[in-house]
Amino acid sequence: MSLKPRISESPTVRLLDLKSKSKSYFIVASVEVGNTTTKCILTATNMDDGKTRLVTKIVKMTRDVRGPKPGEEVFGRTLNGVELTRQSVSELVRDTLLGAVKEANLDIETDIHFVVRSTGVVAGFDSPDEVGEFIKALADGCLMAGVPPNRMTPPMSLGNLPERFRKHSKLERVIFDGAVASVIPPVGSTGVEIVANEMEGELATAGIKEGAKWVDVDFRNPCLSMDFGTTLDGRVISPDLPYAKTIGNFCGYAGAIPDAIIKGTGMVDSKKGTALDVSEHTSLDFLTQKLKAKVIKEYANRILEYIIIEKVPKGRKRYGSVPVNPEAAAEIGVVLIGCDVGKNGTDMDKLSELGAEIYQKHKIKVLFAVIDEVMARIIQRLVKVGQDEGIVFDETAIGVTGRAGITGNKPKLVLKYLHELGINHNIEENVVFVDDGLARGAAVMARCMNSLGTTFNPLGGRRQGKCILGQRMKMQNK
């Protein structure tokens, strides 16, 4: 049975169209400092059709951030141990943001309508709430780049929005109440987050909702999102109306797994190297894939023996290096699903040893085929835990984003393994693979904050259902 993955990639938009007075493009800058890469992606949403297009993308390696200066306090580290200070992060954000705006030939004060910042660098923190300090550093960098403060917070009234967008805004009918694309985040009685990278999960979910529009997958609620950056984040969403609840969260390792395997080859730096550094074409041709199928499967099985995927046990403060609070999760009915290698990465060196063996005996293309198999099976196992916990339904749409989930032959293999779970009779129409989920999510969050909804092409509500604007107005007594 041949299954064809639906892979969403944003088309670009011309500067001429962005500057056109006849078109309403809402331009958002997404600034994300991750464990491996730091990105600034500019997107433009055409408010006449509700679709988001790519303006430009700047990607830097986070490991190239400048080192701490005397007197600066190190407040976090990337997964590979790169030290970060509030000042160095701010400067990295400033330079990346200004670089993207310059490349797009835009003006940061007049052309950028909103800026959303996020981070995946959570492994160096001691508890989920310490992420707040990092978010402040991101804000500092945006202000240093010249972003007006009101472009990072929801407007209090319609008069605070640029005039050309006022006709598109529903601000006088509904206010932003924290729900992004009709999903409310998991917040306990104390308000402490249950997993450090929950904001990334929120953005990835919203971004997949937008990306799915391009390939005709209805990715409204209920849905399940997984973001395979260096660390894993994502959400499982209920079918409730008007707002769905977050009933599951993913955490732990994702791209760090292929990174560890690649480090064994000697082709990349043994401490700071990543799978991204091996840039040559790495896909196996069909015949070799068939001939090597048994070898690929055997090595994948050996690697998977070291990978633990489960509901995060109580008592854990970290899972796959990510700060977690499973007790708080249980209290509010959220299932925390984690991916670890040993305990907080204790068996990563075993993956590197296997990577070395595969590379020496079968070369790099077979190694990448093994990685594709491993990551596809990880996705299958993560969804299976959700299924076993009763939070994945027949109608749940599944979305994958991030470098370690959508590259190479992974989408095809993922469809095959998800089909085996028997979740849905037509898996192709219910699974989507999306590039730049976080940046797309930033565009969606910016629209939600400014109440820039498109009732004719809604992102919120239930799958196959109608726009929920009326229900929201009733709920807010408008």
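**A closer look at the overall build of the chain**
Line of reasoning, step 1. Each helix and strand counted, the chain has 13 helices and 17 strands in total.
Line of reasoning, step 2. Scaling as 2.2 N^0.38, a compact globule of 478 residues should have a C-alpha radius of gyration of about 23 Å, and the chain matches this with 22 Å.
Line of reasoning, step 3. Each principal axis of the C-alpha distribution contributes one length, and for the chain these read about 65 × 60 × 45 Å.
Line of reasoning, step 4. Counting across all 478 residues of the chain, residues that qualify as buried make up 60%.
Line of reasoning, step 5. If you sum the accessible surface of the chain, you get close to 19,200 Å²; carbon and sulfur atoms cover 50% of it.
Line of reasoning, step 6. Charge separation in the chain, taken as the distance between the mean sites of 64 positive and 59 negative side-chain charges, equals 4 Å.

**As for the packing of helix α9 (residues 348-388) against helix α11 (residues 410-421)**
Line of reasoning, step 1. Look at α9 against α11: their axes get within 9 Å of each other, and the N-to-C directions meet at 35°. The way α9 lies across α11 gives a crossing that is right-handed. Between α9 and α11, the contacting residues are I371, D372, E373, M375, A376, R377, I379, Q380, V383, K384 and Q387 on the first element and K410, L413, V414, Y417, L418, E420 and L421 on the second.
Line of reasoning, step 2. Class assignment of the residues belonging to the contact of α9 with α11 gives a composition of 10 nonpolar, two polar and six charged.

**Describing the nonpolar core**
Taken as a class, soluble globular proteins show a tendency for nonpolar side chains to be buried jointly.
Line of reasoning, step 1. Counting 63 residues, the largest nonpolar core has M226, F228, I257, I307, V374, I378 and L382 as its most contacted members.
Line of reasoning, step 2. Broken down by element, the residue count for this core peaks at 19 residues, all from α9.
Line of reasoning, step 3. Those residues in contact with M226 that sit more than four places away from it in its chain are I208, D233, G234, F250, I379, L382, V383, I398, G399, V400 and T401.
Line of reasoning, step 4. V13, V31, I58 and A137 belong to the second largest nonpolar core, which has 36 residues in total.

**Digging into the sheet that holds strand β3 (residues 37-46)**
Line of reasoning, step 1. Ordered in space as β4-β3-β2-β7, the four strands form an open sheet in which the pairing is mixed. The open sheet has two free edges, formed respectively by β4 (51-61) and β7 (114-119), since each of these has just one partner strand. Ignoring which end each strand starts from, the neighbouring axes of this sheet average 15° apart.
Line of reasoning, step 2. Relative to β3, strand β2 (residues 25-33) is paired through nine bridges, and the arrangement is antiparallel. Its bridge partner lying in β3, F26 is registered against T45.
Line of reasoning, step 3. Across the sheet, helix α2 (residues 86-103) is in contact with β2, β3 and β4; its angle to β4 comes to roughly 130°.
Line of reasoning, step 4. Contacting β2, β4 and β7, helix α4 (residues 198-211) crosses the sheet at an angle of about 125° to β7.

Rules and cut-offs
Chains are numbered independently. Their residues run from 1 in the order of the written sequence. Per-residue local features of the predicted model are confined to residues with pLDDT of at least 70, and side-chain atom pairs are confined, for both listing and counting, to 80 or more; whole-chain, interface and lining totals are unaffected and use all residues. As a rule here, side-chain values cover all heavy atoms of the structure and leave hydrogens and water aside. Numbering of helices and strands runs from the N terminus; a helix is a DSSP stretch of H or I covering at least four residues, while a strand is a stretch of E covering at least two. Radius of gyration here is computed from C-alpha atoms only, and the compact-globule reference equals 2.2 Å multiplied by the residue count raised to the power 0.38. Only protein chains enter the accessibility calculation, which uses a 1.4 Å probe. A residue is then buried if its area is under 20% of the maximum for its type, exposed if over 50%, and partly exposed in between. Only the protein chains shown count as cover for residues, and the accessible areas themselves come from Shrake-Rupley with a 1.4 Å probe. Charge counting treats Lys and Arg as positive and Asp and Glu as negative, with His and both chain ends excluded. Just so you know, the charge point we use is NZ for Lys, CZ for Arg, CG for Asp and CD for Glu. Comment: axis = line fitted to C-alpha atoms, over the contacting stretch for helices; angle = value between 0 and 180 degrees taken between N-to-C directions. Whether a crossing is left-handed or right-handed is set by the direction in which the near helix is turned from the far one by less than a right angle, anticlockwise for left-handed and clockwise for right-handed. The criterion used for residue contact is that any of the two residues' heavy atoms lie within 4.5 Å. Think of it as three bins: nonpolar holds Ala, Val, Leu, Ile, Met, Phe, Trp, Tyr, Cys and Pro, charged holds Asp, Glu, Lys and Arg, and polar takes everything else, Gly as well. Side-chain atoms within 4.5 Å link the members of a nonpolar core, which is a set of buried Ala, Val, Leu, Ile, Met, Phe, Trp, Tyr and Cys residues. Here a strand pair is declared whenever DSSP counts at least two bridges between the two strands.

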